[in-house]
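Chain residues, written in single-letter form:
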Amino acid sequence: MSSTINLTPTEWQLMECLWAKSPCTGREATEYLAKHVGWSRSTTLTMLRRMTEKGLILCEDLDGVKAYSPLIRHDDAILHETEDFLSRVYHGSVSMMMSAITQKQDFSQEEIDELYAILRRAEEKHHD
């Protein structure tokens with residue numbers, strides 16, 4: 001697996017299924033994606049095959065049944081998406097992003113407290 005993670009929105013949906021439960025059989029993935037996304041069986045099986053070929057997921061034979069597991073960690077994918085978004089939209093400026101978010105979003109006191117805690121941890125890490 002390359003160090004660059006570039007999941008399409010469709011691939012992200014399948015990865016969510018595998019991050020929730022893996023290994024996951026083709027049948028389990030088909031049922032999950034039909035329920036959560038509305039995909040047909042053939043769409044799911046095609047995506048499983050393509051993503052296996054791309055090296056995004058692992059396909060193993062478990063007692064005669066194909067089982068799939070993610071080769072990308074959820075945290076790594078989230079970090080990549082966040083860095084890509086921050087770079088593309090806000091030119092890497094976290095403060096510009098937070099300014100835009102706080103102008104349009106109403107935060108609960110709990111969310112505000114969580115943000116302060118995150119900033120305090122960042123400050124402590126910066127001083128270490």
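Basis of the calculations
- Along each chain, residue indices are assigned from 1 in the same order as the chain's sequence is written.
- Since the coordinates come from a predicted model, pLDDT governs what is reported: local features require at least 70, and pairs of side-chain atoms require 80 or more to be given and counted, while whole-chain, interface and lining totals use all residues.
- To get the side-chain values, all heavy atoms of the structure are used, and hydrogens and water are removed first.
- Stacked, edge-to-face and tilted labels apply to pairs of Phe, Tyr and Trp rings (six-membered ring for Trp) whose centres lie within 6.5 Å, assigned for plane angles under 30 degrees, over 60, and everything in between, in that order.
- Residue burial is assigned from relative accessible area. The probe radius is 1.4 Å, only protein chains are included, and a residue is buried under 20% of its type maximum, exposed over 50%, and partly exposed in between.
- Strands are labelled as partners when DSSP assigns at least two bridges between them.
- Secondary structure follows DSSP: runs of H or I at least 4 residues long count as helices, runs of E at least 2 residues long count as strands, and numbering of each begins at the N terminus.
- Any two residues having at least one pair of non-hydrogen atoms within 4.5 Å are treated as being in contact.
- Lines fitted to the C-alpha atoms define the axes, with helices restricted to the stretch that makes contact. Angles between their N-to-C directions range from 0 to 180 degrees.
- We count a salt bridge whenever a side-chain nitrogen from Lys or Arg sits within 4 Å of a carboxyl oxygen from Asp or Glu.
- Take the number of residues in a helix, subtract one, and multiply by 1.5 Å to get its expected span.

K.L.:
How would you sum up the packing of aromatic side chains? Please name residues and give values.
P.N.:
If you walk through the whole model with that rule in mind, you get 2 aromatic pairs. Ring geometry for tryptophan 12 and tryptophan 19: centres 5.3 Å apart, planes at 75 degrees, overall edge-to-face. Accessibility expressed as a relative area gives 19% for tryptophan 19, which makes it buried. Here the aromatic rings of phenylalanine 85 and tyrosine 90 are separated by 5.8 Å at their centres, their planes lie at 70 degrees, and the arrangement is edge-to-face. Take tyrosine 90: its relative accessible area is 14%, and that puts it in the buried class.

K.L.:
Got a sec to walk through the sheet that holds strand 2 (residues 57-62)? Specific residues and values, please.
P.N.:
Here 3 strands make up an open sheet; going across it, the order is 1-3-2 and the pairing antiparallel. The outermost strands of the open sheet, each flanked by one partner alone, are strand 1 (24-25) and strand 2. Packing of helix 3 (residues 41-53) onto the sheet brings it into contact with strand 2 and strand 3 (65-70), and relative to strand 2 it is tilted by some 110 degrees.

K.L.:
Which residues make up the pattern of salt bridges, and what values go with them?
P.N.:
Using the criterion set out here, one finds 6 salt bridges in the structure. A salt bridge links lysine 21 to glutamate 28, with the nearest nitrogen and oxygen atoms 3.1 Å apart. The exposure class assigned to lysine 21 is partly exposed, which follows from its relative accessible area of 41%. In this structure, glutamate 53 and arginine 49 form a salt bridge, with 3.4 Å as the shortest nitrogen-oxygen distance. In this pair, glutamate 53 and arginine 49 both sit in helix 3, 4 residues apart, roughly one turn of the helix. Glutamate 53 gets classed as exposed once you look at its relative accessible area, which sits at 60%. When its relative accessible area of 44% is taken as the criterion, arginine 49 is described as partly exposed.

K.L.:
How would you sum up helix 4 (residues 74-90)? Please name residues and give values.
P.N.:
A rise of 1.5 Å per residue sets the reference length of helix 4, with its 17 residues, at 24 Å; its end C-alpha atoms lie 23 Å apart and thus fit the reference within 8%. By the burial criterion, the buried members of helix 4 are Ala77, His80, Leu86 and Tyr90. Each element contacted by the buried residues of helix 4 is listed here: helix 1 (9-20) and helix 5 (94-104). Immediately beyond the C-terminal end of helix 4, within one or two residues, lies histidine 91, with a positive phi of roughly 50 degrees.

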